[in-house]
Amino acid sequence: MDYQHLLERIAADVAPLIGSGTPAEYIPALAGVDPRRFGMAIADLEGNVFGTGDWRVPFSTQSITKVFALALALAEGGDSLWERVGREPSGNPFNSLVQLEYENGIPRNPFINAGALVVTDRLQTLTGDASSELLDFLRQESGNPDIGFDAEVAASEHEHGDRNAAVAHFMASYGNIDNPVPALLDHYFWQCSIEMTCADLALAARFLARHGLRSDGSRLLTRSEAKQINAVMMTCGTYDAAGEFAYRVGLPGKSGVGGGIIAVVPGRCTLAVWSPGLDAQGNSVAGAAALDRFTTLTGLSVF
Ligand code: GLU
């Protein structure tokens, strides 16, 4: 398949949507990003990467990193993690507290903030330094040693992090957090602040298309675990619009409020797209449209 030609076609098709929506406003570091940015990359299983637009411009990955943290926590600690976090869509906003009380401090899934905090807590217990472990992994899988944290975003997350702190303390009261909450929040905010390009993300996510194999050919996850993560991305990866995303795109995907979305075609390729304008659910307007065009033009969905 001529991915380069395909990407140019997709970029042209979604051009009228670039700039639609609103960049995330909850921290100044994100609100100031130019909404007219658009980039998209595709990585094949061999590690060739193709791109269009701003595909080599770093942006704030935010919740996309939840996928990688989950993969590392499963790889290091196995599926006892699922005793502490569920795998059902929540039907509530990503930072909601209400459901947690009804469900005794067990978050619905690893991609809402509560679930991601449990995953990071587990990774912290397993490795002693969750955010550095994650950063090292992303650097290795993408082949880009320059991937780093954005200290301004991390500080901003802290400053506006009362709700995440509340969620973490609440779960701790149910015994579902092992580490001191302030240390856990540090690691979680660093994790959210990681900056990567579309090229980096598409390359780093390849283990999900390679049924659990890392870029060097070693095994990170069993085939079954890779399937599980893809399944949870499909059902829970795009906030309260996972049903709509599955309907339109038909691929496992994970979005972040920085405007990025990754998507996986198992056995074939990975995609990453970035455009900061978000819809009401927090998903990139042009990004979701670009992935929609990808599956429409190629027929490469999981259905
Ligand atoms: N750093 C964000 C938060 O925890 C993550 C937002 C997101 O991308 O969903 O509030």
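Residues numbered from 1 in each chain as written. Predicted model: local features only at pLDDT ≥ 70, side-chain atom pairs only at ≥ 80, totals over all residues. Heavy atoms only, no water.

1. Things to note about the packing of helix α5 (residues 113-127) against helix α8 (residues 162-173)
Using the following cut-off: Here an angle of 0 to 180 degrees is reported between the N-to-C directions of two axes, which are lines fitted to C-alpha atoms, with helices fitted over the stretch in contact. Helix and strand assignments follow DSSP, with helices taken as H or I runs no shorter than four residues and strands as E runs no shorter than two, numbered in order from the N terminus. Whether a crossing is left-handed or right-handed is set by the direction in which the near helix is turned from the far one by less than a right angle, anticlockwise for left-handed and clockwise for right-handed. Two residues qualify as a contact provided that any one of their heavy atoms is within 4.5 Å of a heavy atom in the partner residue. When residues are grouped by polarity, Ala, Val, Leu, Ile, Met, Phe, Trp, Tyr, Cys and Pro land in nonpolar, Asp, Glu, Lys and Arg in charged, and all others, Gly among them, in polar.
Between α5 and α8, whose axes approach to 10 Å, the crossing angle comes to 65 degrees. In the packing of α5 onto α8, the handedness of the crossing is right-handed. Where α5 abuts α8, its residues N113, A114, L117 and V118 lie against N164, V167, A168 and M171. For the contact of α5 with α8, a count of residues per class yields six nonpolar, two polar and no charged.

2. Quick look at the nonpolar core
A general trend in soluble globular proteins is that nonpolar side chains are found buried together. For the record, the criterion: Working definition of a nonpolar core: buried Ala, Val, Leu, Ile, Met, Phe, Trp, Tyr and Cys residues. They are joined through side-chain atoms within 4.5 Å. Each residue gets one of three labels from its accessible area relative to the maximum for its type: buried under 20%, exposed over 50%, partly exposed in between, using a 1.4 Å probe on protein chains only.
If you look at the biggest cluster of nonpolar residues, it comprises 64 residues, and the most contacted ones within it are F68, L138, I229 and I262. With eight residues, the single largest contributor to this core is helix α3 (residues 65-77). Apart from residues lying up to four places away in sequence, F68 is in contact with L134, F137, L138, L201, A204, A205, F207 and I262. The next biggest cluster of nonpolar side chains, apart from the first, holds 25 residues, and it includes Y3, L7, V14 and A290.

3. Focus on the pairing of strand β7 (residues 260-265)
Condition: The pairing criterion for strands is at least two bridges between them, as found by DSSP.
Burial runs high along β7: six of the six residues are buried. Burial along β7 is two-sided: G260, I262 and V264 and I261, A263 and V265, pointing in opposite directions, are all buried. Of the strand pairs in this sheet, strand β6 (residues 253-255) and β7 are connected by three bridges, and their pairing is antiparallel. By the bridge assignment for β7, K254 is matched with I262. Linking β6 back to β7 in an antiparallel pair, the connection comprises four residues, with G259 at a positive phi of about 100 degrees. By the bridge criterion, six bridges tie β7 to strand β8 (residues 269-274) in an arrangement that is antiparallel. Within β8, the position partnered with V265 by the bridge is C269. What sits between β7 and β8 in their antiparallel hairpin is a turn of three residues, with G267 showing a positive phi close to 80 degrees.

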